[in-house]
Amino acid sequence: MYDPLVDSSAPSTFSSPESHWAKGYAPPNYPENNRRIEVDVAVVGGGYTGLSTAYHIEQSSELSCCVLEANQPGWGCSGRNGGFVLPGTGRLSTAQMAKNWGKPVSQAVYAEYLASIETVSDFIDSGIECDKIEGGYLKLAHKPELTATLHQQATMLSQDYGDSIVPLTQQQVQQDYLAGVKHHGGIYYPQAFAINPWLFARGLAEKTAQAGVTIFGNSPVRESHFDGSFHHLHTEKGFVKAKHLVIATNAYTPKTLFTVLQDRTFPVISSILVTEPLDAAQLSALGIKPGLMVMDTRSLKYYYRLLPDNRLLFGGRGAIYGKDADTGESRKALMKGLFRTFPTLKDVDITQFWSGWVAVSLDDYPRLYHDTSTHTLYSAGYCGAGLAFSVHAGKRLSQLLLEPNMLPQLPYWQSPLKKFPMASLRRPALKAFYAMEAFKQIWER
Ligand SMILES: Cc1cc2nc3c(=O)[nH]c(=O)nc-3n(C[C@H](O)[C@H](O)[C@H](O)COP(=O)(O)OP(=O)(O)OC[C@H]3O[C@@H](n4cnc5c(N)ncnc54)[C@H](O)[C@@H]3O)c2cc1C
């Protein structure tokens, strides 16, 4: 698999992501850029961030805008994620945010999380077909002492943060949500929903193109420089000159292409497997509420949901290097996690396995940044929780360019992403972290 910390350029030959979601659908076919063009805004990256930014710029201004995507829209994370539309991004808890920034700011950040779900819903209501399922999200305590912490969190978010979250005892989870898994109770987010993420990306691309944005597929930017007034972007057969540059390549950003982002994210692999359709006995042993999405409180957590055709989607951490992502070893490691979580599925067939890169930021929250001296904007660092947030980030990024005074005062757009110190040690550090967590999990079993 392409590795953004090893390869100097993104691949450019793919139409659809290697995922369950795109199977059976005709791949999109946006033309390659083979001309010299000039636009006001060039967006690099055709995932949710890039498409939503371009859509909102086109809708709210007279600026001309194009999207340059290395493969076809949705090829990156946006077409291969788990499809969990949840409130939140990054890895900071509400309590940590309140400690860092004060309670009013943490409340405003949470309001942004809720707004991001509305932004996705608005797009769906406007006609994007993406198999939306309103099943809610269950977060399980993996240790007895965490049940009370989760329940306090649910009360706080419901009373002070405008959400409505239900605390559940072990027995309630067992009875109404999920029977076949070890846990100690949890909390339930009824407003969370699931989608087919690739269909959503495809629909978002169509909406963006209909709004007037030119989308180029199979057009990776190989070289980019700023001459003091304009950006010059070179693709294989074409060239784009632009007043403003939006970098929306997130975890897929080639390592040295954009100096403004260099060493400011840490691309980490998340992998997913999908089982064959479960039979009646397997389903009854699982006892899972249709459409429910589940994670637990572990720092290296698994996430899962039952798909409409009764296949189980199961995801978790992947390999460390891109070259190891698609190997039998990586697949086996995730299967081990599946069988440990659901011992009754030990004989089930796995029909698909794939991986993708998520972008971790040094201080666990993303940034939407405008470097006004070089007319460059970016949004990145969602730490693996970016479906809803990246769609909303596109709206905010367009405001950051067009009407920054309209934005609420949030830490997201007040500073650039922090540089990783000793960036070359990111992977050895991850290896050590995974080893430590594996040991902790054996201890906790
Ligand atoms: C396995 C997995 C499961 C996940 N599950 C969930 C989930 O259930 N819920 C959730 O909230 N989040 C989830 N995420 C995270 C979520 O998918 C991402 O945060 C989100 O899709 C990010 O969108 P994006 O547009 O910023 O980036 P991407 O969708 O990754 O788009 C970046 C694009 O940039 C392109 N690109 C790169 N370099 C160049 C170049 N030089 N020129 C042109 N184009 C270039 C790439 O081809 C790519 O299409 C998951 C991620 C993974 C990998």
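Residues numbered from 1 in each chain as written. Predicted model: local features only at pLDDT ≥ 70, side-chain atom pairs only at ≥ 80, totals over all residues. Heavy atoms only, no water.

**A word on helix α1 (residues 48-60)**
With 13 residues, α1 should cover 18 Å at 1.5 Å per step; its first-to-last C-alpha distance of 18 Å lies within 8% of that length. Here α1 lies mainly inside the structure; 11 of its 13 residues are buried. (Helix = DSSP H or I, 4+ residues; strand = E, 2+ residues; numbered from the N terminus. Expected span 1.5 Å × (residues − 1). Buried < 20%, exposed > 50% of the residue type's maximum accessible area, 1.4 Å probe, protein only.)

**Some words on the nonpolar core**
Judged by nonpolar contacts, the single largest core of 74 residues is most densely connected at Phe200 and Tyr412. In this view, tyrosine 412 contacts Thr89, Val109, Tyr113, Tyr365, Pro366, Arg367, Leu368 and Phe389; residues no more than four positions away in its chain are not counted. Listed in part, the 27 residues of the second largest apolar core include Leu168, Tyr177, Met335 and Leu345. (Core = buried A, V, L, I, M, F, W, Y, C linked by side-chain atoms within 4.5 Å. Contact = heavy atoms within 4.5 Å.)

**So, the UniProt feature "domain: FAD dependent oxidoreductase" (unreviewed entry) in the chain**
Feature annotation in UniProt assigns "domain: FAD dependent oxidoreductase" (unreviewed entry) to the following positions: residues 40-400. Helix and strand shares over residues 40-400 are 32% and 25% respectively, and the end C-alpha atoms of the span are 15 Å apart. (UniProt positions renumbered as here; feature names shortened; annotations may be inferred.)

**Topic: the sheet that holds strand β12 (residues 266-275)**
Taken in spatial order, the 8 strands of this open sheet run β5-β6-β4-β13-β14-β15-β12-β16, and their pairing is mixed. Because the sheet does not close on itself, it has two edges, and the strands there are β5 (166-168) and β16 (350-360). When the angles between neighbouring strand axes are averaged without regard to direction, this sheet yields 20 degrees. Sheet topology places β12 next to strand β15 (residues 312-317); 5 bridges connect them, and they run antiparallel. Along β15, the bridge assignment pairs valine 274 with leucine 313. Packed onto the sheet, helix α4 (residues 145-160) meets β4 (137-140), β5 and β6 (186-189) and runs at close to 30 degrees relative to β6. (Pairing = 2+ DSSP bridges. Axes fitted to C-alpha atoms, helices over the stretch in contact; angles between N-to-C directions.)

**What to know about the pattern of salt bridges**
Opposite charge on two side chains permits them to pair, given that their charged atoms come into close proximity. Here the structure, examined in full by the defined rule, presents 17 salt bridges. With a shortest N-O distance of 2.6 Å, glutamate 112 and arginine 396 are connected by a salt bridge. Taken together, the positions of glutamate 112 in helix α3 (residues 103-125) and arginine 396 in helix α9 (residues 387-402) put the pair 284 residues apart, joining distant regions of the chain. For the pair glutamate 112 and arginine 396, a shared accessibility class is recorded, and that class is buried. (Salt bridge = Lys/Arg side-chain N within 4 Å of Asp/Glu carboxyl O.)

**Here we look at the site of the ligand**
The ligand sits among 39 residues. The nearest are Thr49, Glu69, Ser78, Val221 and Leu387. Here an oxygen atom of the ligand and a backbone polar atom of glycine 76 are 3.2 Å apart. Computed on the free molecule, the ligand has an accessible area of 1000 Å², of which 97% lies beneath the protein chains in the complex. Only α1, β12, β16 and α9 provide two or more residues apiece to the shell around the ligand. (Near = heavy atom within 4 Å. Polar contact = N/O pair within 3.5 Å; in protein donor to acceptor, adjacent residues only side chain to side chain. Areas by Shrake-Rupley, 256 points an atom, 1.4 Å probe, with all protein chains shown as cover.)

**Section: α9**
With 16 residues, α9 should reach 22 Å at 1.5 Å per residue; the first-to-last C-alpha distance of 24 Å fits that figure. The buried fraction of α9 is high, at 14 of 16 residues.

**A word on unusual backbone geometry**
Although it is not a glycine, aspartate 364 adopts a positive phi angle of roughly 70 degrees. The residue aspartate 364 is located in the loop between β16 and β17 (367-371) in this model. The phi dihedral of cysteine 383 is positive, around 55 degrees, even though this residue is not glycine. Residue placement: cysteine 383 occurs in the loop between β18 (376-380) and α9. For cysteine 383, a relative accessible area of 11% translates into the label buried.

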